[in-house]
Amino acid sequence: MIALLVFCFEAAQFGKKVAVLDYVEPSPKGTKWGLGGTCVNVGCIPKKLMHQASLLGSALKDAQHYGWNISHPVRHDWPVMAEAIQNYVKSLNWGHRVQLQDKKVKYFNLTGSLMDAHTVRGLTNAGKETIITAENIVIATGGRPKYPAHIAGALEYGITSDDIFWLKESPGKTLVVGASYVSLECAGFLTGIGQDTTVMVRSIPLRGFDQQMSFLVTDYMESCGTRFLKKCTPSKVEKLKSGKLQVTWKHADSGKEEMDDFDTVMWAVGRAPDTKTLNLETIGVKISSETGKIIVDASEATSVPHIYAIGDITEGRPELTPTAIAAGKLLAQRLFGQSSELMDYDNVPTTVFTPLEYGCVGLSEEKAVEHYGLDNIEVYHAYYKPLEFTVAERDATQCYIKMVCLRKKEQRILGLHFIGPNAGEVIQGFALGMKCGATYAQMMKTVGIHPTCAEEVTKLRITKRSGLDAKVTGC
Amino acid sequence: MGSSVRKGRAVLPAEQAARPSREQPHRAAAEDYHHEAQNANNGQAITACCKNKDKDLQFKIQAYIDKNTVMIFSNTACSLSAKVKELFKSMSVPYCSLELDQTEDGQKLQDVLYELTMETSVPIVFVQQKQIGDYDKTLKAHKEGKIQKLLETKGHDHMQDSYDYDLIVIGGGSGGLAASKEAAKYGKKVMVLDYVTPTPQGTRWGLGGTCVNVGCIPKKLMHQAALLGQALQDSRKFGWQFEEKVKHSWETMTEAVQNYIGSLNWGYRVSLREKKVTYENAFGEFVGPHTIKATNNKGKEKFYTAEKFLIATGERPRYLGVPGDKEYCITSDDLFSLPYCPGKTLVVGASYVALECAGFLAGLGLDVTVMVRSILLRGFDQEMANKIGEHMEEHGVKFVKEFVPIKVEQIEEGTPGKLKVIAQSTDGREIIEGEYNTVLVAVGRDACTRTIGLDRVGVKINERSGKIPVSDEEQTNVPYIYAIGDVLEGKLELTPVAIQAGRLLAQRLYAGATLKCDYVNVPTTVFTPLEYGACGFSEETALEKFGEENIEVYHSYFWPLEWTVPSRDNNKCYAKIICNIQDNERVIGFHVLGPNAGEVTQGFSAAIKCGLTKAQLDNTIGIHPVCAEIFTTLSVTKRSGGNILQSGC
């Protein structure tokens, strides 16, 4: 959605007549939100703010080591946090509305479906119909969280990330099912604000991400008190008289069944593209039979001329807000400006906001090995301790950096992985470096900023191959 | 290389000829006591194989001086040269002489010699590597028994060619330690001398230098303490509930910080031991060529020789030079281990040290005033500097501008006591007074170069600043003496720079490496309450260097997501990049004001190293939602005057 807004703003700047249709189908739990799409309402923004709430919880603990006398008890009040965050999100919704108006983009709060390559039918909540015609149509309907299909009680009693940020009351003891970044992030901040939290993982955490890093991320979460049920699959959810939810699950290895009670069960088992109401098949827009996503070419064009698609709805693209925004902007510039610049989907940096953040750009170690062969890869790594952790007496076992390089000559950097505080802030600039073709040699010529965590990246000297101890000591 | 030289005398001339060593000629000369060393052929062979002739001549001269108890640079046509030789013959002291008029490159050697010794005529005499001077000075020294004494007292140590160490490092700070450990890695015999002269208040500390003890480390930890104070306020907005009144204990913080520093001091000692670097807690002072005196805190003196020396003595805070300053004021050398809370504090100065300290003291809840003579953060981008100042002012730091203290008096003793500061406006028209518990002076730092005997070995310093000029390989004008870190003239005073310079120097000296320390585009961060990260040119320098028409400045305010909920400080964080239009809009300056500025800046500095252009910035995908992503979406140029205030997302 955000991508679409950016597209609209950009298009409007070229003097084009633009209309945007946005309608949020309420979640099965009845949660609704305003203009701005997933990121603003039920994604990045509220997620990072709740993550911040959880970080502030550890700051309260740290602060005592730094001389702040906080008398106990310290407790967290969910409604206060939720209200503050929701108010901020609403202010963003409002801001987007105002911006649309300013840029003279027509806004319809309607569900859109395609009638042909130039005609959209919009339906209001009450079923009133509006027909809009356009020269070009851009689809950016994004995705919504999936519910598991064959688990009794899943849909009835469970919530998803579409609901969690809009809960008025604390979720209480929570089971989060899934091992996607959404799952780990939510479980991380719930633990951080003091909720009893369990994550149920069927196979591996953070599929698609570097697995060594993924392990460190979950390892840290465990050390912070998040419970992990590994290699388990839920079989049913029942509501008890007490109002608690009783979840039954099975261990994949032993086949043993177990159960426990929770206040909240949240499904984070993936997202599905939101295309069903669009009427794509009828007008011939091709979608992937496997994922249900719209197939586009490098210029974001679908199989039907004048119809384009951007964001999470498109097949094979990273599901990231800034990627969608950039794609939207470039698309507008190509359609209405003089530009022919295509979106570059390589080396897109990303960050997982788990309690210990994980930022990365480029290839995972596995992918690099698969691509270039183990003998052609050099991996530099370091276990480091953030300065702020020392006085706070915090454990830094999982603070780790890994740089995956080609082994020959200049040692071009293929992937950079960073676990530690402010991972997103750290990785952003390096992502740019990789865009400029950074090599290991150039990285080593970069002078560090002392004392920061990011400087450790410029001091990576131990290769995995050497087998030497990668722990950083001293300054 | 170094160790083969030490055993020089055992090496036969035939073997030497096969080695492209810079120190060859002196060995031939050294064999010829009482003989003239007119080894022009050897000299020629050497000069021919070396590119840097001037430096090579320096080496050649130094080698003669090093290897001979008495070395006379003379001229066959010069009567005074003949007389000086007669003098040594009459004393039955063997000498080595080099006849400059008979030597290939003699004229050039003579020029370099004059430059090195500040003498203006031959003969020039050295005894035990100590410069005696021309004929008159030599005669005078002889009459006063100085030559005899020199020959007697230290003759033993110096008769042989072997030095005690390959490298002696003076100063155990970041740079010195890095260099010493790196040199030891290549099997060199290395010593580190480190000694902390106590401050006027009596503060002293352990091994590791400024950064670890009284610089970056305690500074950032106290900055963190202040940030956590802000976090406490924020946390209530994020749902955390705890009692209203939260007090800060200076003692608890300082003890925790000092404990951590203590562990670092210890860690350095252990690591030196592991790397087989000898460490002495003693004050190092040159007493003659290749010779240093180490004085420990009990006044016990020891003498050591080394083939090479590295000066890494760093800097110490400057005082005001007004009545009462050393008696009653403290500096950053004292602040971080102050056993009591400083209370109401006046910070004098506008250096980054001054602003950082003022920032965290205010963040801990103290009443803080900064007295500034002229501008904030001289040398940094002034737009950024002023924004830092504004932000500090908004957060309760008071600024007294265009005033300088002229006197500090004690009103009351105590921990803290009470001081009266009398200050005068810079135009001299106004006098003001103020009472403070603590006065922290942060008006700059002076290089520790004036008390370590540099004059005795001829190392040139900038007389005004005390800083040491060096070549791009960190070599001083005396070829066997190198310098790194904050003592360098015209270089950056930053820990990672010193470390880099030290490591690379050791690699060049002992591992055949050629890579030099690159002082260009070094990133840095000022840890004021609103942190400031920078890399490359400031806006004013860029405009001056490239011209206004060739510079495009892109900028924007931004509001960190984390600050929205506590709803504080909108349109305070600021991002700016400076591009060279003539060079494909290459990014030549990067500036950011905001939380975690250091973490943000580091990666961008790496990108700048890789030749970052504005187009590449635009093509890079942001990470959402972080502060750093603002740099991937900068679209407003300063030239356009476009609005950069942030309203929403």
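What counts as what
Residues numbered from 1 in each chain as written. Chains lettered and ligands numbered in written order. Predicted model: local features only at pLDDT ≥ 70, side-chain atom pairs only at ≥ 80, totals over all residues. Heavy atoms only, no water. UniProt positions renumbered as here; feature names shortened; annotations may be inferred. Pairing = 2+ DSSP bridges. Helix = DSSP H or I, 4+ residues; strand = E, 2+ residues; numbered from the N terminus. Axes fitted to C-alpha atoms, helices over the stretch in contact; angles between N-to-C directions. Parallel < 35°, antiparallel > 145°, perpendicular 65-115°, else oblique. Contact = heavy atoms within 4.5 Å. Nonpolar A, V, L, I, M, F, W, Y, C, P; charged D, E, K, R; others polar. Buried area = accessible area lost by both parts, 1.4 Å probe. Salt bridge = Lys/Arg side-chain N within 4 Å of Asp/Glu carboxyl O.

As annotated in an unreviewed UniProt entry, chain B is Thioredoxin reductase 1, cytoplasmic from Gopherus agassizii. Annotation of chain B in UniProt includes, under Sequence similarities (unreviewed entry), the sentence "Belongs to the class-I pyridine nucleotide-disulfide oxidoreductase family." If you open the UniProt record of chain B and go to Function (unreviewed entry), you find "Reduces disulfideprotein thioredoxin (Trx) to its dithiol-containing form. Homodimeric flavoprotein involved in the regulation of cellular redox reactions, growth and differentiation. Contains a selenocysteine residue at the C-terminal active site that is essential for catalysis. Also has reductase activity on hydrogen peroxide (H2O2)."

Going by the annotation in an unreviewed UniProt entry, the name recorded for chain A is thioredoxin-disulfide reductase (NADPH), with Gopherus agassizii given as the source organism. The annotation that UniProt attaches to chain A under Sequence similarities (unreviewed entry) is "Belongs to the class-I pyridine nucleotide-disulfide oxidoreductase family."

Draft legend 1. The arrangement of the sheet that holds strand β19 (residues 418-425) of chain B in detail. All names here are of chain B. One open sheet accounts for three strands, arranged β18-β19-β20; its pairing is antiparallel. The open sheet has two edge strands with one neighbour each: β18 (403-412) and β20 (431-436). Averaged over all adjacent pairs, the angle separating strand axes in this sheet is 20°, with direction ignored. Two elements, β19 and β20, share six bridges in a ladder whose sense is antiparallel. Of the residues in β20, the one forming a bridge with I422 is E433.

Draft legend 2. Layout of the packing of helix α13 (residues 423-435) of chain A against helix α23 (residues 597-609) of chain B. Where α13 of chain A contacts α23 of chain B, the two axes come as close as 6 Å, and the packing angle between them is 10°. Classified by the angle between their axes, α13 of chain A and α23 of chain B sit roughly parallel to one another. In this structure, α13 of chain A contributes E425, V426, Q428, G429, F430, L432 and G433 of chain A to the contact, and α23 of chain B contributes E599, V600, Q602, G603, F604, A606 and A607 of chain B. Broken down by class, the residue content of the contact of α13 of chain A with α23 of chain B amounts to seven nonpolar, five polar and two charged.

Draft legend 3. Looking closely at the interface of chain B and chain A. Residue-level contacts link 81 residues of chain B with 80 residues of chain A. Roughly 7200 Å² of surface becomes buried between chain B and chain A when both sides are summed, with 69% attributable to carbon and sulfur atoms. Considering only the surface of chain B that becomes buried against chain A, W240, E599 and I621 of chain B emerge as the three largest contributors, covering 11% of it. Across the chain B-chain A interface, the total number found is two salt bridges. A salt bridge links K48 of chain A to E562 of chain B; the nearest nitrogen and oxygen atoms lie 2.6 Å apart.

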